[in-house]
Amino acid sequence: MKSPLSRFRAMAIICGVNLLLLVFAYMPAKHVWHVVDNYKWLVVVPIAHGYFYIVYILTALQIGVQKKMSLVTILALVAAGTIPFASFIAERKIVQKYS
């Protein structure tokens, strides 16, 4: 992954998949079914999302500065990593616009 666009694309997909796991698997498992207490390894999901999101922010900032995007666009890219499915949409739009 030499180009910032390919790094952003990869991190948007990784962060998006991990956010979906966090919201639709980990959170119900913890708060509805209370199985996280029995399976301590499940704590890896939110920790991984935290690390992936930090790298996603850095790649969004990198591509935003490189492509001279507006501050609002960069902030929208950063926010897309916090909303389920939004990072996939943002990734598609950025790749279509800058490829």
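As shown above, the structure is provided for reference.
Reading the values: the criteria
Residues numbered from 1 in each chain as written. Predicted model: local features only at pLDDT ≥ 70, side-chain atom pairs only at ≥ 80, totals over all residues. Heavy atoms only, no water. Helix = DSSP H or I, 4+ residues; strand = E, 2+ residues; numbered from the N terminus. Buried < 20%, exposed > 50% of the residue type's maximum accessible area, 1.4 Å probe, protein only. Axes fitted to C-alpha atoms, helices over the stretch in contact; angles between N-to-C directions. Parallel < 35°, antiparallel > 145°, perpendicular 65-115°, else oblique. Left-handed = near helix turned anticlockwise from the far one by under 90°. Contact = heavy atoms within 4.5 Å. Nonpolar A, V, L, I, M, F, W, Y, C, P; charged D, E, K, R; others polar. Patch = residues over 30% accessible without salt bridge, like charges linked within 9 Å, V, L, I, M, F, W, Y side chains within 5 Å. Areas by Shrake-Rupley, 256 points an atom, 1.4 Å probe, with all protein chains shown as cover. Salt bridge = Lys/Arg side-chain N within 4 Å of Asp/Glu carboxyl O. Core = buried A, V, L, I, M, F, W, Y, C linked by side-chain atoms within 4.5 Å.

1. Looking at the environment of Ile54
Then step 1. Tracing the chain through its elements places Ile54 in helix H2 (residues 44-66).
Then step 2. Owing to a relative accessible area of 47%, Ile54 belongs among the partly exposed residues under this scheme.
Then step 3. For Ile54 and Arg9, which are 45 residues apart along the polypeptide, the C-alpha to C-alpha distance reads 15 Å.

2. Overview of the packing of helix H1 (residues 4-31) against helix H4 (residues 86-98)
Then step 1. Running from amino to carboxyl end, H1 crosses H4 at an angle of 165°, the nearest separation of the two axes being 8 Å. In this view, H1 runs roughly antiparallel relative to H4, as classed from their interaxial angle. Taken as a pair, H1 and H4 cross one another with a handedness that is left-handed. Across the interface between the two elements, Leu5, Phe8, Arg9, Ala12, Ile13, Gly16, Val17 and Leu20 of H1 pack against Ser87, Phe88, Ala90, Glu91, Arg92, Ile94, Val95 and Tyr98 of H4.
Then step 2. Among the residues making up the contact of H1 with H4, the classes are represented as eleven nonpolar, two polar and three charged.

3. Notes on a nonpolar patch on the surface
Then step 1. Taken together, the side chains of Val43, Val44, Ile47, Tyr51, Ile54, Leu58 and Leu61 present a nonpolar region at the surface, about 680 Å² in accessible area.
Then step 2. Val43 sits in the partly exposed class, given a relative accessible area of 37%.

4. Here we look at the environment of Ile74
Then step 1. Secondary-structure assignment places Ile74 in helix H3 (residues 71-80).
Then step 2. A relative accessible area of 9% places Ile74 in the buried class.
Then step 3. For the pair formed by Ile74 and Ile57, sequence separation is 17 residues and the distance between their alpha carbons is 9.3 Å.
Then step 4. Sequence-distant contacts of Ile74, defined by excluding residues within four places in its chain, comprise Leu61, Gly64, Val65 and Met69.

5. As for the pattern of salt bridges
Then step 1. Counted by the stated rule, this structure contains two salt bridges.
Then step 2. Here Glu91 and Arg9 are joined by a salt bridge, their closest N and O atoms 2.7 Å apart. Of the two residues, Glu91 sits in helix H4 while Arg9 sits in helix H1, which places them 82 residues apart along the sequence.
Then step 3. Residue Glu91 is classed as buried on the basis of its relative accessible area, which comes to 5%.
Then step 4. Bridged by salt links that share partners, the residues Arg9, Glu91 and Arg92 form one connected network.

6. Things to note about the nonpolar core
Then step 1. By size, the foremost hydrophobic cluster in this structure holds 18 residues, and its most contacted members are Phe8, Tyr56, Ile63, Met69, Leu77 and Ile94.
Then step 2. Taken together, the elements giving at least two residues each to this core come down to H1, H2, H3 and H4.
Then step 3. Of all the elements, H1 adds the most residues to this core, at five residues.
Then step 4. Ranked by size, the runner-up nonpolar core spans seven residues in total, among them Leu22, Val36, Leu42 and Val45.

Purely spatial values, then, with no claim about function.
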